[in-house]
Amino acid sequence: MKALLLAWLLLCATLFANTTDTSNIESSAPLEESISIEAESPHELQKVIYLNYEKIPSRVLKGEIFTVTIKTLSTVKNFADITYRLSNSKGLKLLNNTPSREVESKYYHETFYFIATSEDASLPDFTATLVDKGNARYATTTLSGEKLNVISLNPKKDFSNIVANSFDIIEYKTTSYDASRNIVVFVATATNCDISALKLNNVYKQGTESITESHLDSKIIYYAIIDKKIENLSFSYFSLVKNKFVSIDIPIVVNDDSVTTQSDLKPKDQSNEIIKMSVAAAIAFLAFIMILWKKSYIYLIFIVIPLAYIIYVGVPSKEICIKAGTQIHLLPVANGTIFETTSKEYRLQKEDEVKGWIKIQLENQKIGWVKNEDICSH
């Protein structure tokens, strides 16, 4: 009986022990799984850049160049750079993708240049990213854009679309274009100006020959074809410094200059030339008779001068050949206006030459300029 009782106790102890071990194994699995999940969860990127507006204009004119300055602070001392991404702007044109930067202690003053193109305008959202030397990653910071107060001018009839701190004519020339029109070419400089917006009213034709654009200083070579009756080419621009319209006047004084092009050249009247040559020959012949009669060589001058004139007039103008596909320029200026392109080789009269350009007269009597390299080699 005792042996039977002892056997029963041993059996119960064994069963109890197995149940406890199983319970311990099952309860340990969720803990390990929990540790694993926690280890794999991502960490949020740290915010290290803080932005705020330092300078926003209270009023902007449509067409005006203006600046917006952002004050940036980084809590990280040693880093490579801070970059900016602009998005969601409205009614504006950005002029500098990389801001103009001034450093003051731990602050960065970042200046962006814009042109207002519409009355309905808003600044873009400025998103700053810190570029770390050690390739560490940080959170970006975004400064939301603000609505701008943009107003349009009530311009004069001769307004040239120029809004600037200053606009000055530094050189100009006028020459005849055809029987009824003159061409005016002028060089202008401007500050704080979108000089490419220049447009004159009441002209037959106009265009840009060359341009140097900058939001601070700019320069343009411009031409306008106007009626011969106009004695003064006038237009106006809006001065941001004076806060008013300022008039520009270019007096029309027609001259013939090798730098300009569309002089009113016409085919030479051959009958008049023949008459002049005949008169010169007659004078030379009479002078020769006087020398024989008076036996005085003082009359020799009346032979030399008329004969020199006959030789000068009688020698034909130099003929040149221009290649097929040659671009005929309005003015001898690189990247200037091209008004015609030749479809084949032409042999034309050379009218003049200046600094790598040759002035020619086309078969349709138009005057233009071709580059030296467009002359046939044969």
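The paragraphs below set out a description of the structure included in this document. (Residues numbered from 1 in each chain as written. Predicted model: local features only at pLDDT ≥ 70, side-chain atom pairs only at ≥ 80, totals over all residues. Heavy atoms only, no water.)

Digging into the packing of aromatic side chains
Right, so step 1: Under the criterion given, the structure shown has 11 aromatic pairs.
Right, so step 2: Ring centres of Tyr-84 and Phe-112 lie 5.8 Å apart, and the angle between their planes is 80°; on these two criteria the pair is classed as edge-to-face. Within this pair, whereas Tyr-84 is found in strand 4 (residues 81-87), its partner Phe-112 is found in strand 7 (residues 107-116), the two being separated by 28 residues in sequence.
Right, so step 3: Residue Phe-112 is classed as buried on the basis of its relative accessible area, which comes to 0%.
Right, so step 4: Between Phe-238 and Phe-245, the aromatic rings sit 5.2 Å apart at their centres with planes inclined by 80°, giving edge-to-face as the arrangement.
Right, so step 5: Over the aromatic face of Tyr-107 sits the side chain of Lys-71, whose NZ or CZ is 4.4 Å from the ring centroid.
Right, so step 6: The aromatic ring of Tyr-204 is capped on one face by Arg-181, whose charged end is 3.6 Å from the ring centroid. (Phe/Tyr/Trp six-rings, centres within 6.5 Å; stacked < 30°, edge-to-face > 60°. Helix = DSSP H or I, 4+ residues; strand = E, 2+ residues; numbered from the N terminus. Buried < 20%, exposed > 50% of the residue type's maximum accessible area, 1.4 Å probe, protein only. Lys NZ or Arg CZ within 6 Å of the ring centre and 35° of its normal.)

Digging into the pattern of salt bridges
Right, so step 1: In this structure the tally under the stated criterion is four salt bridges.
Right, so step 2: Ionic pairing is found between Lys-90 and Asp-120, a salt bridge with its closest N-O pair at 2.8 Å. Residue Lys-90 is found in the loop between strand 4 and strand 5 (92-94), and its partner Asp-120 is found in the loop between strand 7 and strand 8 (125-131); the two are separated by 30 residues along the sequence.
Right, so step 3: We classify Asp-120 as partly exposed; its relative accessible area is 33%.
Right, so step 4: Where Lys-147 meets Asp-120, a salt bridge forms, and the shortest distance between an N and an O atom there is 2.4 Å. Residue Lys-147 is located in the loop between strand 9 (141-143) and strand 10 (150-151), and its partner Asp-120 is located in the loop between strand 7 and strand 8; the two are separated by 27 residues in the primary sequence.
Right, so step 5: Among the residues examined, Lys-147 registers a relative accessible area of 56% and is labelled exposed.
Right, so step 6: Among the charged side chains, a network of salt bridges with common partners joins Asp-81, Arg-101 and Glu-110. (Salt bridge = Lys/Arg side-chain N within 4 Å of Asp/Glu carboxyl O.)

The values are spatial; any link to function lies outside them.
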